[in-house]
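Here are the chains, one letter per residue:
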Amino acid sequence: MTSIKTFVKQSILQAVETLGFNALYRYINRRKLLCLCYHSVISDDAPLDNRTNIAVTVSQFDAQMQELRKHWNPIGYQSITQLTADEPLPDNAVFISFDDGWRNNLTLAAPILAKYGIPATVFLTTDYIGTTGQLFWALEILERLIAMQDKPLPIGGQSFPLGPPESPLRTRIAEVLLSRIKQFPVPDRQTVLTQMREITNLNLSPKWKQELYEFLSWNEVRELKRQGWTIGCHTKTHPILSMLSAEEQRTELQEAKAKIEAELGETCSTLAYPNGGADDYNEETVRIAAELGFQTAFTLENKRNDLPLNDLLRIHRICITRDLTLNSFRAIISGIRGK
Ligand SMILES: [Zn+2]
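Residues numbered from 1 in each chain as written. Predicted model: local features only at pLDDT ≥ 70, side-chain atom pairs only at ≥ 80, totals over all residues. Heavy atoms only, no water.

**What about empty space enclosed by the protein?**
Piece 1. Taken as a whole and judged by the stated rule, the model has 1 cavity of 30 Å³ or more.
Piece 2. Roughly 50 Å³ of internal volume is contained in the largest cavity.
Piece 3. Along the walls of the largest cavity sit W137, K182, F184, P185, V186, R189, P239, I240, M243 and L244, which together make up its complete lining.
Piece 4. The residue makeup of the lining of the largest cavity includes at least three contributed by each of domain 1 (2–132 + 208–334) and domain 2 (137–203). (1 Å grid on protein atoms, 1.4 Å probe; cavity = no way out; pocket = protein on both sides within 12 Å on 5 of 7 lines; lining within 4 Å. Points joined across faces, edges and corners; volume = space filled by probe spheres on them. Domains from an automatic or database assignment.)

Here's what the structure looks like:
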C-alpha cells in the first residue's frame, strides 16, 4: 500500500519536473533567500532508520549540490551580512549550513562542496567539539531507547511497551518518545538519561554510527575555516532555549561564542537556535543574541525568506533529511511543496 502511494507520489513529482514546474517556481520565488540546514553526510551503505534520517548520504548530497550548482546561486555567509549594506543577492540565492558540528562535515561533506565550489557554514555545539566517546544527549537517549531490554517504559504516568531492541517499530517509538523527552526540564531529562544508562549497554562499533556520532575536533574546525567555511555558534550544550531562564540562555550563548572566538581567534557573529522550531526559542533569546553581538541568527522553521531580510535574527532555514528523493528535494527547494 505504502509502496503504491510512494510510487504515485514519485510519478506525480516526476511529471511536475518534466513539465518544467520546478523552473517556474524557481522563477516565481527567485527574489527569496533559500537557506538549507543539513546535519550529517554519511556513507551510502548506512542503514536507513530514524537515527540516520537526520543525515543525507554521500550520493544524495552530491546530487543535491550538483542541482544547486546547476540551477541556483550558492552564496556564502558574507553575502547575507553584506545584504544590510545594500549589496543585492543574485536571483535564486541559496545558503548552505550544517548544525551541531559533526566530523562527517569535514570528511564527507567538505570534499563535495569543494568539488562544486559551494560555500558553507557550520554551527557548533561547543561542549561537544573535541570530545570523543561522548554521545550527543538527544542521540544518546535515542540509542538507549532502541537498545533497552523490553521493559515497558514509564513516561508521563503511562507505560509503553517498546517492542524488540533495534526493530523498526522500536526506532519509531523511540523517536516519538525522544520528542517528548526533549520537552522535559534539563534536570528531569538528566534523570531519565541516568536511569537509562544503568539498564542499557550501547554498541557503537558499526562504521555508520561512528560516522554519525563523532564530533569535530577544534583542529578540524580550524581546517574547515581554512577551507573557507564560516564557523557559527549553536550554544554550549544544545538545550531547547525557550525552556531556560534568561540567565541560563545568556550563559549558553555567551560561553559558546567566547569558546569559538578563543579557539579561532576571530569574532563569531552568527548563531543557529538549537532545534530551531518557532517554539524552541523566544523573544528573550533574540534579545540576548542581539546584546551579545550576534549579527545574524538562523531558525529551522522550514520557510524561505522574503527579501530584503527584515529580521536578521530570524532567518529561516529548511531542514534536508535522508527520506527526500531528488525529485522531492527539487520540489521543496523550488517551493512547489512545503517541508
Ligand atoms: Zn542542532
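On we go from here.
**Examining the layout of surface pockets**
Piece 1. Reported here for the largest pocket is a volume of approximately 840 Å³.
Piece 2. Taken together, 31 residues line the largest pocket, and the ones lying closest to its centre are H39, I54, E175, K182 and N275.
Piece 3. Contributing elements (two or more residues each) for the lining of the largest pocket: β5 (93–100), α6 (137–147), α7 (168–181) and α9 (207–213).
Piece 4. If you tally residues by element for the lining of the largest pocket, the top one is α7, at 5 residues.
Piece 5. Its residues assigned to classes, the lining of the largest pocket shows 12 nonpolar, 11 polar and 8 charged.
Piece 6. Considering only enclosed or pocket space, the second largest pocket measures out at about 270 Å³ in volume.
Piece 7. Around the second largest pocket, the lining is made up of 10 residues, and of these T6, K9, Q10, D323 and T325 lie nearest the centre. (Helix = DSSP H or I, 4+ residues; strand = E, 2+ residues; numbered from the N terminus. Nonpolar A, V, L, I, M, F, W, Y, C, P; charged D, E, K, R; others polar.)

**Concerning the pairing of strand β6 (residues 121–124)**
Piece 1. Neither face of β6 is open: one carries T121 and F123, the other V122 and L124, and all of them are buried.
Piece 2. Traced from β5 through helix α5 (residues 104–116) to β6, the parallel crossover comes out right-handed.
Piece 3. Bridging between β6 and strand β9 (residues 230–233) involves 4 bridges; their strand directions are parallel. Following the sheet pairing, L124 is matched in β9 by C233. (Buried < 20%, exposed > 50% of the residue type's maximum accessible area, 1.4 Å probe, protein only. Right-handed = clockwise from strand over helix to strand, strands pointing away. Pairing = 2+ DSSP bridges.)

**Notes on the nonpolar core**
Piece 1. Core analysis: the largest hydrophobic core is formed by 81 residues, its most contacted members being L36, Y38, F61, M65, L68, I96 and F98.
Piece 2. If sequence neighbours within four positions are ignored, I96 has contacts with L36, Y38, M65, L68, I118, P119, A120 and T121.
Piece 3. I80, L89, A93 and F95 belong to the second-largest nonpolar core, a separate cluster that totals 13 residues. (Core = buried A, V, L, I, M, F, W, Y, C linked by side-chain atoms within 4.5 Å. Contact = heavy atoms within 4.5 Å.)

**Section: the packing of aromatic side chains**
Piece 1. Applying the stated rule across the entire model yields 12 aromatic pairs.
Piece 2. Taken together, a centroid distance of 4.2 Å and an interplanar angle of 10° make the contact between Y273 and Y281 stacked.
Piece 3. Judged by relative accessible area, which is 7%, Y281 ranks as buried.
Piece 4. A connected cluster of aromatic rings, assembled from ring pairs, spans Y38, F61, F98 and W229. (Phe/Tyr/Trp six-rings, centres within 6.5 Å; stacked < 30°, edge-to-face > 60°.)

**Focus on the environment of G163**
Piece 1. By the element assignment, G163 lies in the loop between β8 (158–160) and α7.
Piece 2. Residue class for G163 comes out buried when judged on its relative accessible area of 17%.
Piece 3. Considered as a pair, G163 and I173 are 10 residues apart in the sequence and their alpha carbons are 8.9 Å apart.

Everything listed here is a matter of geometry and, on its own, says nothing about what the molecule does.
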